[in-house]
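Letter by letter, the chains look like this.
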Amino acid sequence: MDVTENMRRPLQRTRSSESGDPHADILHLPTFSAAALMPEAARLRDSAHGRILSYSRKVFIPLTRLCRDVCSYCTFAQRPRRGAHAYLTADEVLAIARAGQDAGCTEALFTLGDKPEARYKVAREELQALGASSTIEYLARMCELVLKETGLLPHANPGVVNRAELARLREVSASQGMMLESTADRLCERGGPHFGSPDKRPAVRLETLRFAGELQIPYTSGILIGIGETRAERIDALIAIRDLHERYGHIQEVIIQNFRAKPDTRMADVPHATHEELLWTVAAARLVLGAEMNIQAPPNLSGNDCGALIDAGINDWGGVSPVTPDHVNPEAPWPAVEALRETTRGKGKILVERLPSYPAYVAEVSRWHAPAVAKAVVRASDSAGYARMDEWSPGLADATGVVPLRRAKPAVAAELREIVDKARSGAPLAEPQIVRLFAAREDELHHVCDSADALRRETVGDTVCYVVNRNINYTNICTYKCTFCAFSKGRRAHSLRGDPYDLPLAEIERRVAEAWDRGATEVCMQGGIHPKYDGRTYLAILEAVKRAAPDIHVHAFTPLEVSHGASTLRMSVRDFLRELITAGLNTLPGTAAEILDDEVRARICPDKVNTGEWLGVMETAHELGLRSTATIMFGHLEAPSHWARHLLRVRELQQRTGGFTEFIPLPFVHMAAPVYLKGEARKGPTYREAILMHAVSRLVLHPLISNIQVSWVKLGEEGARACLNAGVNDLGGTLMNESISRAAGTQHGQEMAPAQMERLIRSAGREPAQRTTLYGVPRADQSARSHSAAALEPVRLAAAPATETRAA
């Protein structure tokens, strides 16, 4: 019999079996061996999870070890002891949580016995002294305390609880769980392992699982094997879990846990479940539960052969603690994370740290989490919903990004190599292929970055360019409500950094003249959409610049400002751009692009120009001979699929017009951004994502855009140097002043003088070169001035309003 085909066929129609039994085909599984099931289970797993194998870095908090149940195999539950507390105190809970925080954990796993107050007087008395009405109420308070004081995300294992108790815990935990263990009622009969344990009745446990689904709680369940159940009974339990998940979508993982006999229990002499049975059950679970389900088996319960669990179809190792023991199985210590990484790598997989909420539940965070918890989950996650691996964020000067070690024999998937080779050939990639590039980790990350850098070398050589310029942000007053922006000042933004200002034309002229005297060849100008600005304002600004420095290149006005100016004068964008060109505009900055996807723009800049309008302004500008840059602002609430769409839209326009001079990834600086303060955005991209964005941009936009620029003001010198080894050939401008990132909280300064630029470039083994905005060679006298420039005069801000001098 061909087991692979046989398994595929019945599992596609388990609810419409010709026999009339909806599970008849699945019930054939017990007749197969583990070896027969495992290849198909692994294939199914790979079709949904690829090379990723996840784990959670947790700290284990045994809130109470008293329990009213008397399971025959359990050593976690204990009787009251004279002089011992029934519950951990708040200080003890926090001490454990803080140890986990210091060790880099993200999960606080609360484990406890079922309803000890129903059996033990001491539990009732202690709860009363603690001011808690029940164990669950005390658990909720401790979850809330840990979340507030440490930022660790609580995962609560409260056992059988009612709907109201689940709802209370949902307010303070990222996820909850309870092992179904078995649906075999006979195990609760006299002589069975669950005799005398009312909370182990399958019906009450299934009811708790159902309540969790109704309440939309990310929930963990699973089965315990080797306690006297049959293979058929395991399948029945898996079907029960699957049916609940199909109804509610809330079962985020299923644990297959093998019984281990322990001394001083009634089952001390019962043989362990064999490794063959564990592998068979893991494979059967994958076939019953499907490709997407997260299936876990604890690595510490499989001895030296835990790698075989990967062959059987798991995609998760569960929680691993660098701090606390496994209090349920204290005889089996956790493996070291690095040892687990090597085991995982040996099976061709990549170990990735996750949160207690799995990525699919992070992606819909407001649906599956209470507001306070959702805020913490978002802040702890990366763009794919996994855990952030370090404290690095754009704009922070004192945090170091983590880069995976390079290995002598890198493991890179063939399909990733094919995507990279296709990009290097200049062929356009499809959205899923670009998303796959953004998923690169460990060896694959190095492969993508190295390939992008090799392509850079082939395309533009080893020279790294920069332009001597000055940023002038003429007003921070803005009528738009972009949720990511800490720079703009509206009626509700006075609590953010800085006071509202609006520069007089005289101050703009002074800054331009000073910039020219200091060797600048470009002035870059943009600002908020002031309620009193109209198209004449922008024309007046251009006239002021040309009065101050007739030969300076004017790189100014975002597509939003162009659109605003045109509409206020009742002109077409094309006609207004012609007016701007006549007045002295030379090129457009590619900002206000943010993410060129209206699904994201509806959340971060709902009243701004939409994707089509931004692209339309740029296409019109290019048709008129105005070149421009293109940007992406990433790392807030969008996903890699949005990055891919953005890059494709930029590429498609460049294919038509050839008007973009360079592409500039702009990592989101979170510290003072309203959307972050409200708990709706991540802490910017991770270090991996920031470097990867530059590499993927080089690959995806080849050969249409040759110049990829890094923002040193957002990434700092170390981040910029890393990007120079990942496809970047441009360091952007010296800036002189920088207001927008500084308002958001960046700590990397406002100016990088030419000498500093060139030291940074040479430290990366590259050759520096000054350039003009359009990648020409600057005038020799200007370049000389830039290397001997005097210190800047203090900037002069005019309190708002001061626009009457412009809109003549």
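Analysis parameters
- Residues numbered from 1 in each chain as written.
- Predicted model: local features only at pLDDT ≥ 70, side-chain atom pairs only at ≥ 80, totals over all residues.
- Heavy atoms only, no water.
- Helix = DSSP H or I, 4+ residues; strand = E, 2+ residues; numbered from the N terminus.
- Rg over C-alpha atoms; globule rule 2.2 N^0.38 Å.
- Buried < 20%, exposed > 50% of the residue type's maximum accessible area, 1.4 Å probe, protein only.
- Pairing = 2+ DSSP bridges.
- Axes fitted to C-alpha atoms, helices over the stretch in contact; angles between N-to-C directions.
- Phe/Tyr/Trp six-rings, centres within 6.5 Å; stacked < 30°, edge-to-face > 60°.
- Lys NZ or Arg CZ within 6 Å of the ring centre and 35° of its normal.
- Polar contact = N/O pair within 3.5 Å; in protein donor to acceptor, adjacent residues only side chain to side chain.
- Contact = heavy atoms within 4.5 Å.
- Arc of directions from axis to C-beta.
- pLDDT = per-residue confidence, 0-100.

Considering the overall build of the chain
At step 1: Of regular secondary structure, the chain possesses 30 helices and 18 strands.
At step 2: Taken against the 2.2 N^0.38 rule, which gives 28 Å for 808 residues, the C-alpha radius of gyration of the chain at 30 Å falls within 12% of a compact globule.
At step 3: Principal-axis analysis of the C-alpha atoms gives the chain an extent of 95 × 65 × 50 Å.
At step 4: Classification of the 808 residues of the chain by burial places 62% in the buried group.

Things to note about the sheet that holds strand S10 (residues 463–467)
At step 1: The strand order across the open sheet built from three strands is S17-S10-S18, with neighbouring strands paired in parallel fashion. Looking at the sheet topology across the chains shown, the edges are occupied by strand S17 (730–733) and strand S18 (767–770). Going across the sheet, the axis of each strand differs from the next one's by a mean of 20°, ignoring polarity.
At step 2: Of the strand pairs in this sheet, S10 and S17 are connected by two bridges, and their pairing is parallel. The partner of valine 467 across the bridge, within S17, is glycine 733.

Thoughts on the packing of aromatic side chains
At step 1: For the structure on display, the rule yields 11 aromatic pairs.
At step 2: Their ring planes at 75° and their centres at 4.9 Å tell us that phenylalanine 438 and tryptophan 643 sit as a pair that is edge-to-face. One end of the pair, phenylalanine 438, is in helix H16 (residues 431–438); the other, tryptophan 643, is in helix H24 (residues 640–657), with 205 residues separating them in the sequence. Residue phenylalanine 438 shares its accessibility class with tryptophan 643, and that shared class is buried.
At step 3: Pairwise contacts between aromatic rings join Tyr474, Tyr533, Tyr538 and Phe557 into one cluster.
At step 4: Over the aromatic face of tyrosine 676 sits the side chain of arginine 379, whose NZ or CZ is 3.9 Å from the ring centroid.

Comments concerning unusual backbone geometry
At step 1: Cis geometry marks the peptide bond from histidine 702 to proline 703; its omega dihedral reads 0°.
At step 2: Secondary-structure assignment places proline 703 in the loop between helix H26 (687–701) and helix H27 (712–724).
At step 3: Although it is not a glycine, lysine 115 sits at a positive phi angle of roughly 40°.
At step 4: Note on placement: lysine 115 falls in the loop between strand S2 (107–112) and helix H4 (121–130).

What about the side chain of serine 175?
At step 1: Along the polypeptide, serine 175 turns up in strand S4 (residues 175–177).
At step 2: Of note is the side chain of serine 175, whose polar atom sits 3.3 Å from the backbone oxygen of proline 356.
At step 3: Not counting residues up to four positions away in its chain, the partners in contact with serine 175 are Pro154, His155, Ala156, Pro218, Gln252, Pro356 and Ser357.

Remarks on helix H15 (residues 414–424)
At step 1: Inspection of H15 places Leu416, Ile419, Val420 and Ala423 among the buried residues, and these make up the whole buried set. In a view along the axis of H15, the buried residues occupy a sector of 95°, so they form one face of it. Every exposed residue of H15 that faces more than 90 degrees away from the buried side is listed here: Ala414 and Glu418.
At step 2: Here the buried face of H15 lies against H16, helix H17 (443–460) and H26.
At step 3: A positive phi of about 95° marks glycine 426, the residue just after H15.

Quick word on the confidence of the model for the chain
At step 1: Predicted confidence across the chain gives a mean pLDDT of 91, with 92% of residues reaching 70 or more.
At step 2: Contacts for the low-pLDDT stretch residues 1–24, under 50 throughout, to residues beyond four places or in other chains number 37 contacts.
At step 3: In the predicted structure, residues 802–808 sits below a pLDDT of 50 and forms 23 contacts with residues beyond four places in sequence or in another chain.

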